[in-house]
Structures are given as C-alpha cells and as structure tokens.
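What follows is each chain in one-letter form.
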Amino acid sequence: MGKRIGLVVNPTSGKNRGGALGIEVANRLRAHGHEVLELSDETAEAARDRAIGAIAQGIDVLAVAGGDGMVHLGVNLCADTKTPLAIIAAGTGNDIARGLGLPVHDPIAAADVVGSGIPREIDVVRHVDARGDVRWFAGVLGAGFDSLVNERANTWPWPKGRMRYNLAIARELPGFRAIPYAVTVDGVRHETAAMLVTVGNGQSYGGGMRVCPDASFDDGLLDVMVLHDISTLEFLKVFPTVFKGTHVRHPAVEILRGREVTLEAEGIVAYADGERFLPLPLTLEVVPAALTVMVPAVPRG
C-alpha cells in the first residue's frame, strides 16, 4: 500500500547534489506507488511552515534530503509527534545518517528506506527556554573551541566545505585559551577550565569526529565529553585521534553520563547537529524514544 510522503530538500547540500538526489528519490517513490508531496520552498522557514501543515494533515512520513542541517530541521518537526522521519543523506558530514546505519549519497537505497524501511524509536535531546519554547537535537552539541571555529567560519563566504573549517581552526587556535565552565550532570556540578565540552546523543559530528564514541541513540543517557586544559601543541596531537574515538584515552579527556546536563560559560554559542543552536548557559534533557526514524529493513554492512 502506498504511503503519503512529505519531502523537503536542501538543493545546495553535498556541493549542490542535494536537489538532484531529492528528485531521483521522489521519482523512485512515485514509481513504487507512493504519493510525494513537495514541501521545499525558497527559505528554510517557509519549508518548515509547509511541513508543519503537512504533518497536521496526517502524512505517513516526513522525508528530508540534505546534510545534518536538514536532519536537524526534520528532528524539530517530528520529535514528540507520531510522524516518522526519513533521512535522505546528501550532505558532506551525514553523521546522524551514518550513526543510524542509513545509506549515504545513494538515492535508490534511500528511497527504499523511505518507502519500505522499518520504524525505529530513538532518543532526542530537548531544550526548553524561559518562554517555554522547545528546541531539539539528535546528534552532538558542541560548546567550546569547536563553536568558536564555527562562528568564525560562518562569517566567510569562501572557501566552502571542510577547507573553510580548517582555515578557521588555523586562525582561532593560536590565541585560544581554555574556557572556564560549569558542567552540571544530574545535579552534580563540575567546575573546570576546558578546551571544549560536547554533549552526545550520537557518537560523531563534523564529518566523522567521534567525540562521544560510546554514545547510543537509545540508551536514555547523554555522554558529556570534557577536554580539560591542555597546551596548543598537545591539542594538535590529540585532535587527529578524535576520528577514531581514541582521544578518550588521553588523561585530559573526561566522559560524564547522565539524563540532564547544564552547561555554563561566558561568550560561547553552542552548535548542535552542525547548526547554530543557542548561547550558553543552557540545560539539556534526553527524552527517550521521542522520535521515530525510518531505517533499513535489513541492516547495512
């Protein structure tokens, strides 16, 4: 039986491959008898409004095509609802998609997951502000040196992709000093000077940096990685090991786990799922099984 599927595409993701991949997926879904509602628009805000309307009307699945930023949009639309989220991974990072075992840059496999995959309930992370407004993320939130690099890189129109991030690291690192933090996990307060603090529901961010290598999407816990104060030279030695997750063996790395985390620091804007999130201080709470995602009926690999 065909499904009614809402589709939001970021045409610029994956070096402008997102649009083409989204078209291929939509065509394959229609060929298999599904109804596809095109919900993309000229701005993310307009697409979000169209998707909210489609969810209210009872679509069977909301599919987002793009990178982790599109996943972030989809998470905030589908969390705490009965509408499953399908991820068509077309970005440069795709950390959440890979963490869930989803196909990447593969329109045929992605369409099969959207149309005939199986639902999986995962945890997501919730922030509620003073006005009661809710914001969610599914993967990793970074709040430290990585955030400052993102803030700098986002002011540059060129170069694109990883090179811009690498250049921002080179500009930010020489003058960087450890940041005073207060990190409270399940009511226990830790005060420290640290290079960065990450909060992981997923394991990786930034295109494969496994900052929280033991995090799980369905264990009901957040993994908090604290990289305490180290020299610039030592930081450069530790940084490459994050891609294998072996940085956790370094004596300056501490892993905390809990259900609720409060981060406090001056002048830091947190990024979550690769998107600008909120300035610190903020409190984050894991909400078990608050999001349903479509995954392959047969696990990949």
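To keep things clear, this report deals only with the structure shown in the data block.

About the criteria used
- Residues numbered from 1 in each chain as written.
- Predicted model: local features only at pLDDT ≥ 70, side-chain atom pairs only at ≥ 80, totals over all residues.
- Heavy atoms only, no water.
- Buried < 20%, exposed > 50% of the residue type's maximum accessible area, 1.4 Å probe, protein only.
- Helix = DSSP H or I, 4+ residues; strand = E, 2+ residues; numbered from the N terminus.
- Pairing = 2+ DSSP bridges.
- Salt bridge = Lys/Arg side-chain N within 4 Å of Asp/Glu carboxyl O.
- Phe/Tyr/Trp six-rings, centres within 6.5 Å; stacked < 30°, edge-to-face > 60°.

## Some thoughts on the pairing of strand S13 (residues 269-272)
Burial along S13 is two-sided: the residues Val269 and Tyr271 and Ala270 and Ala272 are all buried. Sheet topology note: the strand S7 (residues 140-144)/S13 ladder contains two bridges and is antiparallel. The partner of Gly142 across the bridge, within S13, is Tyr271. Here S13 hands over to strand S14 (residues 275-279) after two residues, with Asp273 in that stretch at a positive phi of 55°.

## Structural notes on the pattern of salt bridges
When the charged atoms of two side chains lie near each other, side chains of opposite charge can form a pair. Taken as a whole and assessed by the stated rule, the structure comprises 16 salt bridges. The closest approach of N and O atoms between Asp129 and Arg131, which form a salt bridge, is 3.9 Å. Between Arg257 and Asp214 there is a salt bridge, and its shortest N-O distance comes to 3.8 Å. In this pair, Arg257 sits in strand S11 (residues 253-258) while Asp214 sits in the loop between strand S9 (188-200) and strand S10 (222-228), placing the two residues 43 residues apart along the sequence. A relative accessible area of 44% places Arg257 in the partly exposed class. Overlapping salt bridges bring together Asp129, Arg131 and Asp133 as one network.

## Focus on the packing of aromatic side chains
According to the stated counting rule, one finds five aromatic pairs in the structure shown. Summarising the aromatic geometry, the rings of Phe145 and Phe176 are spaced 5.0 Å apart at their centres and angled 70° between planes, so their arrangement reads as edge-to-face. Taken together, the positions of Phe145 in helix H7 (residues 145-153) and Phe176 in the loop between helix H8 (161-172) and strand S8 (179-185) put the pair 31 residues apart, joining distant regions of the chain. Exposure class is identical for Phe145 and Phe176. Each is buried. Taking the centre distance of 6.1 Å and the plane angle of 85° together, the rings of Phe239 and Phe243 count as edge-to-face. Taking the relative accessible area as the measure of exposure, Phe239 reaches 27% and is therefore partly exposed.

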